[in-house]
Amino acid sequence: MHQVQWRVDGKGMVRKSLLALARLPWPRSTPAPRVTAAAWATLATASVLSALQLAIAHDWQTDLHEVQTWVAVWTTGASPYRAIYGVDYPPHAFGVLWFFSLSSSAQGFAVYAWFNAALSVAGCYLLVRWFAQLSETSLSRLETTSFVCMLLSSRAVRRSIGFGQTFPLVLILFITAMLLARRRPVLAGLCFALASFKLNLAAGFGLALLLLGHTTPLVVAGVIVVALTMTFAWSVHEPVVAVMSSYADSFIHVYGGVDFLIGVTELRSALTALVSDFRMVQLTYPFAIGALLVILVGLSLRRRPDDARLRAITVVACLLWSFASLTHQRHNTLLLFPAVWIIQWADRGVLQNRFARWALSTGALLLLVINIPDSIESRLVEVSARLPASFQMMGGAIARLINEHGTRVVVLISLFLVLRSLATAPALSERRGGDQRTG
C-alpha cells in the first residue's frame, strides 16, 4: 500500500515539477517570481553587454555609418536620393537623422552605442507599461522587471545596439504617441511624425490609432510630415515633386522588383521561396495583404474595440498585419513580443488549449530571444566546422530554415489567432444588447 502511495505521490511530484519548470520563464505564471526575474536580468545583462562589445570593440555599427553618409551628403546641399542610390528613408526623416551625425569619431561611436543601449532600456520599459495599460493588466514590480529584461534579452535589441540602429529612438516615439493619443493628441502627433520615417512601423501603429478612433494625432502627424518634406526640398534646392520622384525611384530600387530587400517576417519573401515565377508573386502578394487588411478593418469596425481585451487584440493585429505585409528586419521583431504575451496570457482568450498556448508562446519566445552572445555564437560556428560534412549540411539546413522562416511562421500563426479571436468576439450591438438585458 505504501509503495503504491509513494508511486502515485512520486508521479504527482514529477508532474508538478515539470509544470513549474514550464511556467518558470513566464512572469505572470511563474511559481518563483524572484528566480524568474533574476534569470531574465542575467540574460539581459549578457545580451546588452555582448551587443556593446560588438558595437564598440568590433565597430559593427554599420547602420549608423550608412545614416551618417546620407546626412553628410545632405549637409552639402545635395539630395541624398540623387547622390546615393538606395536611400530608403523618406525626405522628412532628415528632420531627425541629423541627430545621428553629431560625431563620427571612435569616441562618438562609443558614446552613441551606450546611448542606444540606454534608449533600448527605456524603450523596453515603455513597451511593457504601454501594453499593460492597453490591456488593463496589473503587473507587480517583479513582473515588470521580468518583462523588461525579457525584451532586453532578445536578438532584436542586440541587433539594434550592435548595428547602431535608429529603432530604439523610433520605438520610444511610437509608444509615447500611443500613450498620449487620447490625452495629448497634438504631442502624440508630433511624436508619431518624428518616428514615421520607419514607414513599415508607421503603417502598423497608424492603423492601430485609426481603428481605436484616435484620428487627431494622425492629422497632426500628416501636417508635420508635409512641413518637414517641404523643408527638406528647400534645403536641397529642388521642387517637392522632384524630391518625391527621386525618393520613389530609390524606394522602388530597394523594395520593388525581383531583387527586393528580403525581410524576416513578410509574406512576400515566403511566396518568393515557394513560387519560382516572380510574376505570380507580384499578383498574389498585393491580393493577400489587401485581403488581410480588409478582414482586419471589417472585424474591428463590427466589434468596435471598446474594452481592454478587444483593444489589445486589435492593436496586436495591426502590428502583425504590418509584419506580415511589409519588409521588416530583425531589430523590429521586438514588437512581436506583445503578440506572444497576448497568446500566453490565459485571460486574453486568444488560444484556449493550455498545452498549445504554452508550446506556441514558449517556442516563439525562444526564437525571438536566442540569447547566445555573438562572441560565443562565432565560436560555435568554428567548432561546428570540425564536424563531419553530413552533420554540417544537415545542421546548416535546419539553422537556415529556422533563421529565414521561423519568425515568419510566428507572425502568420499569431495573426491568424488574433483575427480568429476578433471574429469570435461578440459584435458591438450584441454586447450592448447583453448589457441592457443584464441591466
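Residues numbered from 1 in each chain as written. Predicted model: local features only at pLDDT ≥ 70, side-chain atom pairs only at ≥ 80, totals over all residues. Heavy atoms only, no water.

Asks: Tell me what's going on with unusual backbone geometry, and back it up with residues and numbers.
Replies: Unusually for a residue other than glycine, glutamate 136 sits at a positive phi of about 55°. Looking at the element boundaries, glutamate 136 is found in the loop between helix H6 (106–134) and helix H7 (141–152). Positioned with a positive phi, histidine 237 is a non-glycine residue whose angle comes to about 60°. On the secondary structure map, histidine 237 appears in the loop between helix H12 (216–235) and helix H13 (240–255). Look at histidine 237 and you get exposed, because its relative accessible area is 68%. (Helix = DSSP H or I, 4+ residues; strand = E, 2+ residues; numbered from the N terminus. Buried < 20%, exposed > 50% of the residue type's maximum accessible area, 1.4 Å probe, protein only.)

Asks: If you had to explain the pattern of salt bridges to someone new, which residues and values would you point to?
Replies: Enumeration according to the criterion identifies 3 salt bridges in this entry. The residue aspartate 277 makes a salt bridge to arginine 279 at a minimum N-O spacing of 3.3 Å. Relative accessible area serves as the criterion here: at 31%, aspartate 277 is assigned to the partly exposed category. When its relative accessible area of 62% is taken as the criterion, arginine 279 is described as exposed. (Salt bridge = Lys/Arg side-chain N within 4 Å of Asp/Glu carboxyl O.)

Asks: Tell me about the packing of aromatic side chains, residues and numbers included.
Replies: What the rule picks out here adds up to 25 aromatic pairs. A ring pair is formed by phenylalanine 99 and phenylalanine 100, whose centres lie 5.3 Å apart and whose planes are at 80°; its orientation type is edge-to-face. Seen in terms of ring centroids, phenylalanine 355 and tryptophan 358 are 6.1 Å apart; in terms of plane orientation they differ by 35°. Their pairing is tilted. Here phenylalanine 355 and its partner tryptophan 358 are both found in helix H18 (residues 354–369), 3 residues apart, which amounts to about one turn of the helix. Members of the aromatic cluster, connected to one another through ring pairs, are Trp74, Tyr81, Phe94, Phe232, Tyr247, Phe251 and Tyr255. The side chain of arginine 28 reaches across the aromatic face of tryptophan 345, ending 4.4 Å from its centre. When the ring centre of phenylalanine 260 is taken as origin, the NZ or CZ atom of arginine 268, which lies over that ring, is 3.8 Å away. (Phe/Tyr/Trp six-rings, centres within 6.5 Å; stacked < 30°, edge-to-face > 60°. Lys NZ or Arg CZ within 6 Å of the ring centre and 35° of its normal.)

Asks: Mind laying out the nonpolar core, listing which residues take part and the relevant values?
Replies: Counting 115 residues, the largest nonpolar core has Leu97, Phe205, Leu334 and Trp341 as the members making the most contacts within it. Apart from residues no more than four positions distant in its own chain, leucine 334 is found in contact with Cys124, Leu127, Leu151, Ser154, Ala156, Val157, Phe167 and Leu171. Counting residues in hydrophobic clusters, the runner-up holds 8 residues, among them Phe260, Leu271, Val281 and Ala288. (Core = buried A, V, L, I, M, F, W, Y, C linked by side-chain atoms within 4.5 Å. Contact = heavy atoms within 4.5 Å.)

Asks: Describe the side chain of glutamate 238, with residues and values.
Replies: Inspection of the secondary structure assignment puts glutamate 238 in the loop between H12 and H13. Take glutamate 238: its relative accessible area is 17%, and that puts it in the buried class. Each residue touching glutamate 238, except ones within four places of it in the same chain, is listed here: Ser79, Arg82, Ala233 and Val243.

Asks: Give a description of the packing of H6 against H7 that names residues and reports values.
Replies: Running from amino to carboxyl end, H6 crosses H7 at an angle of 130°, the nearest separation of the two axes being 9 Å. In terms of their interaxial angle, H6 and H7 are classed as oblique. For H6 against H7, the interelement crossing comes out right-handed. For the pair H6 and H7, contact is made by Ser120, Val121, Cys124, Tyr125, Leu127, Val128 and Arg129 and by Thr144, Phe147, Val148, Leu151 and Leu152, respectively. Split into classes, the residues belonging to the contact of H6 with H7 amount to 9 nonpolar, 2 polar and 1 charged. (Axes fitted to C-alpha atoms, helices over the stretch in contact; angles between N-to-C directions. Parallel < 35°, antiparallel > 145°, perpendicular 65-115°, else oblique. Left-handed = near helix turned anticlockwise from the far one by under 90°. Nonpolar A, V, L, I, M, F, W, Y, C, P; charged D, E, K, R; others polar.)

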